[in-house]
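What follows is the residue order along each chain.
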Amino acid sequence: MVESTLNDLRPGEKARIIKVLAKGTVRRKLMDMGMVPGSEIEVVRTAPLGDPIEFRIKGYSLSMRKQEAVNVVVETIV
Amino acid sequence: MADNRIRVALTGNPNVGKTTLFNMITGSRQHVGNWPGVTVEKKSGFKMHKGYEIEVVDLPGTYSLTAYSLDEVVARDFIVDEKPDVVVQIVDATNIERNLYLTTQLMELGSKMIIALNMYDLAEERGDKLHVENMEKILAMPVVLTIASDNVGISELLDTVIAEKQKENHHSREIGYGDEIESRIIEVEKVLSQEDGLASRYPLRWLAVRLLDGDENILRKISGSSVALQIKSILESVDIEEYEALMADKRYEVISAMFPQMCERCMTRMTTSDMVDRVMTNKYLGIPIFLALMWGAFELTFSFANPFMVIIEMIFVWLGETAAFYIRPEWLASLIGEGIIGGVGSVFLFIPNIFILFFLLSMLEDSGYLARAAFIVDRVMYKIGLQGKSFIPMLLGFGCNVPAIMATRSIEDRMDRMATIMVVPFISCGARLPIYILFAGTFFSKNAGTVIFCIYLLGILVAVASAKLLRTTTLKGHPAPFILELPPYRVPTLKNSIRHMWDNGSMYIRKAGTIILGGSVVIWLLAALPWGVEYGSEDSFIGIVGHAIQPLLGPLGFDWKISVSLLFGFVAKEIVVASLGVLYGVGDDELALTDSLLADPNMYGITALSLMVFSLLYMPCIAVVGIIKKETGSWKWTAFSVAYGLAVAWLLAFIVFQGGKLLN
Amino acid sequence: MEQYSGRSKEKMFFAFLAGFLYLLAGSIQFVFSLSTVLDLFPVNSFENGLIGLLFAPSDLIGSLILVLIGSIFLYGLIELRNGLNEGIAYVYVGILISILFTVVYVLVIAGNWMELYLLNDTEICGWDILYDLRPAIYLGILPLCGYLIWRKEFRAMNK
Ligand SMILES: Nc1nc2c(ncn2[C@@H]2O[C@H](COP(=O)(O)OP(=O)(O)OP(=O)(O)O)[C@@H](O)[C@H]2O)c(=O)[nH]1
Ligand SMILES: [Mg+2]
């Protein structure tokens, strides 16, 4: 198991969230949207221009920029 | 309140079908679309059911009781403060897990609650097995299966609402947050109970939970009370961020524990939507596809409408001739022929384009591509200081700027939102289209399409440049994070698109029958008075007004007739065409407006171009000014928007006209 | 996903054929449109020649759209060849988009025809359906067949 941040994952890779490092409202918003420790998250694809990234979490698609994804620590699942 | 009246709130995550359900229950026609953030205001409607008068309130979607954007504030405030008799949470059956997060927060509030498990057609199609009885048992609240778009389960839902209302009392279900937090909750609760006013309004445990969850809105609510200081000191002694995470965690833990009993085989798998998305957001093909679709929509809006326009034009020319022939006295014939038929007729002409435009926009909204477009262009928007979400109002602006500006409410960041509001008026709305079609068609017949396309493009470019300008000056700062749910693609239904087209298109017709009609009559009067003056001559009132403002617009190549039309265009952009129709006396002879314009020695291609640029950029209409005031809440910003638009319009039209003259 | 692999040979052939035809028609139209715009050749010689044959009046953006559709099909072909089943998505979406544009151009024709009929205009009597016939229209027959054949699979994807 390797620890990394969400932006490092490549499309198709799955991971489990360990920690959300973001602060303030962004952090709350992410949690409200299902980004809590323990959740499984999959990288679906990046946008044509390289940013933002589309993720699949709790059965729906969520997109966010790399600069937010940096603040989510995950462990990859094989 | 009488016993047979029930107030019901429809709440839930964005895009789960709340408004669809609301429309079905109340027979209203509120805006529905397949993207999160369609509804931004609360709307209520009534329904009589089994002797009860049920008031249904449709709310904007929200992911939790913590509100980030204005539309979410509306939703939360209604649920928390207005205390509806029954709260119906609409849950997307294909996405139960995340939807239940809001449920866990609503449960604690202690209101009578019902779950409408909507879109279960899609869940079943996917092969999910939903266990409604288990769900009812676990959540301790009634669960009703619905398909809002097909009118399935609505009357069961209303029955359940009535039954729930009649139940005596209701126990709020609690979530255990673990020893440490629980002890804090009790501590806070104890302090809160010292203030009498609070307990009567909110469940104390709920207040305590929200406070420990870092809800600033609740903190503000109690800030006036006598216990505010005590609470503050408790909150300062704990790590709120830590608590927040623990509590969110606990809620999801509870959900994942109960989830498997509610739904079998509810897991993610490759669906058609994913397949489509793979292509639409492809690294190389995504952007070309986006452009191609836009171009196709553009092509259709202009080409397919032609024959219908020909029919309408023939009708109005005939009406004008008939009026001129049969109606006496002559001034009445002139009022009806030149004033009303000329003015309203020249606006009616463009109904086909407007209908097609709205039809296509509605397809765009229903397909789910709108949110993808935001996803695709976020990178570009970020560069100009906006974010992907700002793109949605901009696209909607092609229909009408007013709802587009309202749609900015779902943008969380105030600066982002202000900048978006300021640039939306540059997006060419449907009402400006008649001007382009008229002038491009008349003066650039062969290249009309290209000219109009360039005008649209210019609007987008000015919007982009203005955004960049604003974000580097008054609204300085970085664009806020872009966190957006991407809804699944759905095939737009013809019924929905036609309904949407009709709702918006008929508004255009109604406008033509009221404001434009009134405006045309006023312009006719101004053109015909003072009594005895030659109709529409320079000595008429309108001639005097026109001459007064003409020096301002002269450098742009406009004579007094165009100047005065542009002046009236402040009321609504269609009036520009309508008043030209009145002034050039369409109804009078067989000549259509296009021919009269061509015959005018003061009109050249370059004047037409300058006029189109000016019309594109100056303040769209009174309604937009009104909505900008309402949404920004500031006269200063409203005035800025109007002045800035005028300045940019004048400058660019000046460059076009003078530049064109130099080149010739 | 296994259920598709048996059929993927057909789809690969289809993607190849459609991709090739669209790309070809698009490129030819593009070159000629560009030359008309830039005035490289006397217009008439082409209008009567190849362009007339292909029914590809000068239309720069239209030609780019053909190229785009062709690329979508070929992209799918490449993915399918590399053993990626997801390549089917490109075939499906290619079919949808090409049909979409076929519909757009058919509607444009219908519009022009109606206008002509209404106006009874002698000036443009020279217009006949061939004048407006675009490659997007006749090429559209191919994806239409594809759609009819694989229509069921579109829906089945959800299961
Ligand atoms: N298949 C299916 N589609 C539905 C159902 N209910 C709603 N929809 C579709 O779901 C989409 C969203 O519907 P809305 O009613 O706008 O959702 P909302 O909850 O009001 O969304 P917001 O106002 O953005 O919060 C629309 O495209 C509807 O046509 C349903 O029961 N079945
Ligand atoms: Mg809604």
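The notes below deal with the structure included here. This is a predicted model, so every value here is computed, not measured.

What counts, and where the lines are drawn
Residues numbered from 1 in each chain as written. Chains lettered and ligands numbered in written order. Predicted model: local features only at pLDDT ≥ 70, side-chain atom pairs only at ≥ 80, totals over all residues. Heavy atoms only, no water. Patch = residues over 30% accessible without salt bridge, like charges linked within 9 Å, V, L, I, M, F, W, Y side chains within 5 Å. Areas by Shrake-Rupley, 256 points an atom, 1.4 Å probe, with all protein chains shown as cover. Salt bridge = Lys/Arg side-chain N within 4 Å of Asp/Glu carboxyl O. Buried < 20%, exposed > 50% of the residue type's maximum accessible area, 1.4 Å probe, protein only. Donors = N, O, S within 2.8 Å, 3.2 Å for Na, K, Ca; no water. Helix = DSSP H or I, 4+ residues; strand = E, 2+ residues; numbered from the N terminus. Core = buried A, V, L, I, M, F, W, Y, C linked by side-chain atoms within 4.5 Å. Contact = heavy atoms within 4.5 Å. Pairing = 2+ DSSP bridges. Axes fitted to C-alpha atoms, helices over the stretch in contact; angles between N-to-C directions. Polar contact = N/O pair within 3.5 Å; in protein donor to acceptor, adjacent residues only side chain to side chain.

Overview of a nonpolar patch on the surface
A cluster of nonpolar residues, B:Phe308, B:Ile311, B:Met314, B:Ile315, B:Trp318 and B:Leu319, forms a patch on the protein surface that exposes about 530 Å² of accessible area. Of the residues examined, B:Trp318 reaches a relative accessible area of 54% and is grouped as exposed.

A few points about the coordination of the magnesium ion (ligand 2)
Residue and element names in this part refer to chain B. Summarising the metal site, the magnesium ion (ligand 2) is bound by the protein donors Thr19 (OG1) and Thr39 (OG1), whose distances to it range over 1.9 Å. Of this pair, threonine 19 sits in helix α1 (residues 18-26) while threonine 39 sits in the loop between α1 and β2 (43-49), and the two are 20 residues apart along the sequence. Neither threonine 19 nor threonine 39 differs from the other in exposure class; each is buried.

Thoughts on the nonpolar core
B:Phe439, B:Leu566 and B:Phe614 are the most contacted members of the largest nonpolar core, which totals 165 residues. Counting residues per element, this core draws most heavily on helix α6 (residues 87-119) of chain C, at 13 residues. Apart from the residues within four sequence positions on either side, B:Leu566 is in contact with B:Leu553, B:Phe558, B:Val576, B:Leu611, B:Phe614, B:Ser615 and B:Tyr618. Counting residues in hydrophobic clusters, the runner-up holds 89 residues, among them A:Ile17, B:Leu109, B:Ile234 and B:Ala245.

A few points about the sheet that holds strand β5 (residues 112-118) of chain B
All names here are of chain B. The six strands are arranged β2-β3-β1-β4-β5-β7 in an open sheet whose pairing can be described as mixed. For this open sheet the edge positions go to β2 and β7 (143-145), each flanked by a neighbour on one side alone. Direction aside, neighbouring strands of the sheet carry axes that sit 25° apart on average. Against the sheet, helix α2 (residues 70-81) contacts β1 (5-12), β3 (52-58) and β4 (86-92), and its axis sits at roughly 140° relative to β1. Lying over the sheet, helix α6 (residues 154-166) contacts β1, β2, β3, β4, β5 and β7, oriented at roughly 165° with respect to β5.

So, the side chain of B:Thr66
Mapped onto the secondary structure, B:Thr66 falls in the loop between β3 and α2. There is a polar contact of 3.0 Å between the side chain of B:Thr66 and the side chain of B:Arg210. Discounting residues that sit within four places of it in the chain, B:Thr66 has contacts with A:Arg28, A:Asp32, B:Glu72, B:Gln105 and B:Arg210.

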